[in-house]
Amino acid sequence: MAAPNPSEFRPFVPAEERPAELTVSAVLFGTAMGLIFAASSLYLVLKVGMTVSASIPVAVLAVTLLRPFGKTILENNIVQTAGSAGESIAFGVGVTMPALLMLGFDMDLGRVMIVSLLGGILGILAMIPLRRAFIVKMHGRPGQPGTLLYPEGVAAAQVLISGEKGGSAGYTVFLGFGIAFAHKFATLGFQALKETVAVPITAINKAAVFATDMASELLGVGYIIGYRTSAVMMAGAVLGYLVIIPIVYFIGVNAPTIIPPSTEKLIKDMSIGELRNSYLLYIGAGCVATAGILSMLKTLPMIFRSISGGLTSGSGSSDGAERKRTDNDLSMSVVLFGSLGLLALLAAFLMPQVGLVKAVLGSLLVLLFGFLFVTVSARLTGEIGSSSNPISGMTVATLLLTCLIFVAFGMTSPTERVLALSIAGVVCIAASNGGTTAQSLKTGFLVGGTPKSMQYAILFGALISGLVIGGTLLMLNASGTVYSKDAAYLPRDPQTQKTLVLTDAERAKLNQEDTYEGKKYLVFDPRQEIFSKAAGDRPALFKAPEGVAPEGRFLVDPSSGEIAYLKDPLVGGKIKEMDGKELRRLDAPKTKVMQIIIDGVLSRKLNWSLVLIGSMIALTLELCGISALAFAVGVYVPIQFSVPIFIGGLIRAAVDKYLTGSIKLPRRPDESESEHAARLEIETIKRTETSPGVLLASGYIAGGSIAGVLAAFLEFDIAKSFKEQIDFSKAVAALGTTNDWIAIGAFSGLIILLYLFGRGLLFKTEEADA
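Predicted, not measured: the structure shown is a model, and the values here were computed from it. (Residues numbered from 1 in each chain as written. Predicted model: local features only at pLDDT ≥ 70, side-chain atom pairs only at ≥ 80, totals over all residues. Heavy atoms only, no water.)

1. Brief notes about the overall build of the protein
Going by this rule: Secondary structure elements follow DSSP: runs of H or I no shorter than four residues count as helices, runs of E no shorter than two count as strands, and numbering proceeds from the N terminus. Type-normalised accessible area, obtained with a 1.4 Å probe on protein chains alone, sets the label of each residue: buried when under 20%, exposed when over 50%, and partly exposed for intermediate values. Between two residues, a contact is recorded if the distance between any of their heavy atoms is within 4.5 Å. Per-residue accessibility takes into account occlusion by the displayed protein chains alone, with areas from the Shrake-Rupley method and a 1.4 Å probe.
In terms of helices and strands, the protein carries 28 helices and nine strands. Looking at the 770 residues of the protein, the share that counts as buried comes to 58%. Within the protein, contacts between residues at least 6 apart in sequence are counted, and of these 80% link residues at least 24 apart. For the protein, the exposed surface amounts to about 30,800 Å²; the carbon and sulfur share of it is 63%.

2. Quick word on the packing of helix α14 (residues 391-408) against helix α15 (residues 414-447)
When two helices pack together, their arrangement is captured by the angle between the axes and the distance separating the axes. To keep things clear, this is the line we draw: Axis definition: a line fitted to C-alpha atoms, over the contacting stretch in the case of helices. Angles run 0 to 180 degrees between N-to-C directions. Crossing handedness follows the turn of the near helix against the far one: under a right angle anticlockwise gives a left-handed crossing, and clockwise gives a right-handed one. Residue polarity is assigned by list, with Asp, Glu, Lys and Arg as charged and Ala, Val, Leu, Ile, Met, Phe, Trp, Tyr, Cys and Pro as nonpolar; anything else, Gly included, falls into the polar class.
Following both chains from N to C, one finds α14 and α15 inclined at 145°, their axes separated by 9 Å at the closest point. Crossing of α14 against α15: the hand is right-handed. Residues I391, M394, T395, T398, L399, T402, C403 and F406 of α14 touch α15, and the partners they reach there are E416, L419, A420, L421, I423, A424, V427, C428, A431 and S432. Among the residues forming the contact of α14 with α15, the class breakdown is 13 nonpolar, four polar and one charged.

3. Focus on the pattern of salt bridges
Let me state the cut-off plainly: Here, a salt bridge means any side-chain nitrogen of Lys or Arg that lies within 4 Å of a carboxyl oxygen of Asp or Glu.
If you walk through the whole model with that rule in mind, you get 17 salt bridges. A salt bridge links R131 to D329; the shortest N-O distance between them is 2.6 Å. Residue R131 is located in helix α6 (residues 131-136), and its partner D329 is located in the loop between α11 (272-313) and α12 (332-354); the two are separated by 198 residues in the primary sequence. Members of the salt-bridge network, linked through shared partners, are R131, R132, D327 and D329.

4. Some words on the packing of aromatic side chains
Threshold: Working definition: a ring pair exists when centres of Phe, Tyr or Trp rings (six-membered ring for Trp) sit within 6.5 Å. Plane angles under 30 degrees give stacked, over 60 give edge-to-face, the rest tilted.
Inspection of every chain in the model, using the stated rule, returns eight aromatic pairs. Between Y227 and F646 the ring centres are 6.2 Å apart and the planes differ by 45°, which places this aromatic pair in the tilted class. Here Y227 is found in helix α10 (residues 227-252), whereas its partner F646 is found in helix α22 (residues 639-661), with 419 residues between them in sequence. Looking at Y227, the relative accessible area reads 41%, which means it is partly exposed. Their ring planes at 75° and their centres at 5.0 Å tell us that Y516 and Y565 sit as a pair that is edge-to-face. In this pair, Y516 sits in strand β4 (residues 513-516) while Y565 sits in strand β7 (residues 563-568), placing the two residues 49 residues apart along the sequence.

5. Regarding the environment of G226
As for its placement among the helices and strands, G226 is situated in the loop between α9 (216-225) and α10. Sequence-wise, G226 and I651 are 425 residues apart; in three dimensions their C-alpha atoms are separated by 8.5 Å.

6. Description of the packing of helix α7 (residues 151-165) against α15
What counts here: Convention used here: angles under 35 degrees read as roughly parallel, angles over 145 as roughly antiparallel, angles from 65 to 115 as roughly perpendicular, and any remaining angle as oblique.
Two elements in contact, α7 and α15, have axes whose closest approach is 8 Å; the angle formed by their N-to-C orientations is 40°. The angle between α7 and α15 places the two elements in the oblique class. Between α7 and α15 the crossing geometry is right-handed. Packed against α7, whose contacting residues are E152, G153, V154, A156, A157, L160 and I161, the element α15 presents Q439, T443, L446 and V447 at the interface. Here the contact of α7 with α15 is composed, by residue class, of seven nonpolar, three polar and one charged.

7. Side note on the sheet that holds strand β5 (residues 519-524)
The line we're drawing: When DSSP finds two or more bridges between two strands, those strands count as paired.
Pairing is antiparallel in the open sheet, where five strands are placed in the order β3-β7-β6-β5-β4. Of all strands in the sheet, those bounded by a partner on one side alone are β3 (482-484) and β4. Ignoring which end each strand starts from, the neighbouring axes of this sheet average 40° apart. Alignment of β4 against β5, held across four bridges, turns out to be antiparallel. Across the sheet, the residue bridging to T515 is K520, located in β5.

8. A few points about the nonpolar core
Basically, it comes down to this: Grouping buried Ala, Val, Leu, Ile, Met, Phe, Trp, Tyr and Cys residues that are joined through side-chain atoms within 4.5 Å yields what is termed a nonpolar core.
Formed by 201 residues in total, the largest nonpolar core has its most connected members in L46, F373, V396 and F406. Element by element, the count of residues in this core is highest for α15, at 17 residues. Other than its neighbours up to four places away in sequence, F373 contacts M394, A397, T398, V427 and A431. Grouped together as the second largest cluster of nonpolar side chains are 13 residues, L510, I563, I575 and L583 included.

9. Structural notes on the environment of L665
Structurally, the position occupied by L665 is in the loop between α22 and α23 (673-689). The partly exposed category is assigned to L665, whose relative accessible area is 23%.

10. What to know about the side chain of S230
Here is the rule: We define a polar contact as two N or O atoms separated by no more than 3.5 Å, with the added condition that, inside protein, one atom must be a possible hydrogen donor and the other a possible acceptor, whereas residues neighbouring each other in sequence contribute only through side-chain atom pairs.
Within the fold, S230 resides in helix α10. A polar atom in the side chain of S230 sits 2.9 Å from the backbone oxygen of G226. Excluding its chain neighbours within four sequence positions, the residues that come into contact with S230 are I225, I645, F646 and G649.

11. Description of unusual backbone geometry
Keep in mind that most residues, glycine aside, have a negative phi and that most peptide bonds are trans. For Q191, which is not glycine, the phi dihedral falls at a positive 55°. Counting through the fold element by element, Q191 comes out in the loop between α8 (167-188) and β1 (196-200). The class for Q191 is partly exposed, based on a relative accessible area of 28%. Positive phi, close to 55°, is recorded for E517, a residue that is not glycine. Among the structural elements, E517 can be located in the loop between β4 and β5.

12. Examining the environment of V13
Looking at the element boundaries, V13 is found in the segment before α1 (24-48). Expressed as a C-alpha distance, the spacing of V13 and L74, which sit 61 residues apart in the sequence, is 8.3 Å. Excluding its chain neighbours within four sequence positions, the residues that come into contact with V13 are P19, I73, L74, R325, V447 and G448.

13. Some points on a nonpolar patch on the surface
Threshold: Patch membership requires over 30% relative accessible area and the absence of a salt bridge. Like charges are linked within 9 Å, and nonpolar side chains (Val, Leu, Ile, Met, Phe, Trp, Tyr) within 5 Å.
Residues V238, V243, I247, F250 and I251 make up a contiguous nonpolar surface patch of roughly 480 Å² in combined accessible area. Looking at where I247 falls in the secondary structure, it is placed in helix α10.

14. Details of helix α13 (residues 356-384)
As a reminder of what qualifies: Given the number of residues in a helix, its expected span is that number minus one, multiplied by 1.5 Å.
Compared with the 42 Å implied by 1.5 Å per residue over 29 residues, the 41 Å span of α13 between its first and last C-alpha is a close match. A positive phi of about 95° marks G385, the residue just after α13.

15. A few points about the side chain of N205
The residue N205 is located in the loop between β1 and β2 (209-213) in this model. Polar contacts involving the side chain of N205 include one to the main-chain amide nitrogen of A207, which spans 2.9 Å. Polar contacts involving the side chain of N205 include one to the main-chain carbonyl oxygen of P246, which spans 2.9 Å. When residues no more than four places from it in sequence are discounted, the contact partners of N205 are P246, Y249 and F250.

Right under this line is the structure:
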């Protein structure tokens, strides 16, 4: 056996060793954990439009719960790999599929399940040929050109390695975990600390607000990705929230009419969130899409070399030697034929609804946008982590381009709107799971996992999650769906102003049925455009009363034609109170955007100028020699998420400056200048990448993520009474602005602790001393 190359990366478990890895128990336990986190993530994305990566929490659970059973580190790695699929699929499903309700259609289980399965598996298959390019060839350290760090993947690896080694390294990770968990749960669980602190910058105008989340996990992400990427991301946030939004407000504050693409409010009456969703979101989506395309074009040569290497080498290396265990992927034939099989299955599912030609067109668009945005997602996950990955921006871009193609072909009917959403849903889930797969493969790369085994594990996790998540979404929505016969919510006859009664001819056009309290009703939904205003159809002319959106699924008595009920779903529902009781509604903010885009583009009412402005911003940055992806993310996501990442990057810069400045490595007499520089570089990497700060930051990410997921579980009805008992929000609200300073003080403690650990002033691991 040849001696290992000293310049080659050596994982924790060397390639020559073959401990237990792809075991049934590890795959099943990981998949079960993935389903639990998927349910939580689904609820979270429907409630606030965000979720957190599950791979780190699952890694922590694997290390903690499986320790008594003697599981190897590679088995624990399989657990986190299989468990990560559920969360990423749940995010994609939650962002796209509820838009069916908003378009006037039911969320049928078959469609949700097919979209979940195809998207989840396609994302994994598309990532396999990219592994060598993104994970292996672009491995490096913060600030080094051409590297992808995968911060949350690194954190998961640190958790697994620390759990295996124990000692001071493990102590540091789990200390960070405990501190971050306590802080996050005090914030979200007990509601004892304020989550977001905002400071208006009135010197600009009312719409300029600087805000930050007190998020320990984002602080840890910033520390791991380093100053450069976090600073570029922060620059995007400054442009978006302290330049663009104030300009929009300044120009539009005196506008007497609603300015598209907003449809509901004057600019002067909008909150910061509404200004973002109405204007900046489209600019950010254009910026993300263009930056992603430009990034992919720049990395195409490396991608092609990676794919070519996989096609030509088979199960061995290019010189005929047996491929190393840690470099063994699923074959390219599996990727090729698996992808084609998935697309054929999608076309077969769509064909009865839209015909052969449109079904094939839909499959081709999934192929094009799926592989494009899996590449973009995998690269972005490497730069900023999966929790900050703007998957919804990529979905918006997919939807915009798909709808534009549909308009060119005259495909604007309600059925074709569902087709556009289905395409976007598959691509969204593929991009989400592609980024997650890349992150898990990075963890495996660091700990010494077998890529092929990990790919099998995450494929199994995606398969089970895809089968289960659709039913979970439907049950969740059904649990909060209400039926109202309040006349204020029912359509009225435009002449008599009484509740509308449909004629026999009008009822004949209704082709959907629903059942309520054992009785069958016809379903009338004005968003389906069954009736024509041009033809003078009365159901198309009704206007809802003031403050009530003319949307909804109405149940019509099949015999009398009377509109009896409004069926109001949990997701995106309009009714906030019923019979004197407050109703729990899930606003699904990102899902609403999908509906706006589909309706806006296919009805030719969307303002494309904002999307193109975002594209020009990305192009400007690339011309300046700055990678636009991280910047685009800063423009797109709320500024409060970028700030803690930037603070973490600042701390890392200060720590690294001290650590590298303290290196004393004299040049040897027989050593050339280049050899000395290489030895200095190796020592620098050792000092910075194994410092206690990196370990503590990994613990911050893990602890904050798990506490965030646990707090999300408290939102379910079954935990409602417990949540009320531990809720301190009313007492905290009484403190007023004092609460802001308490929250800032607690978060500052996390920052100071991270700096002191990074410098080694409080604690040193054996690795740092070595």
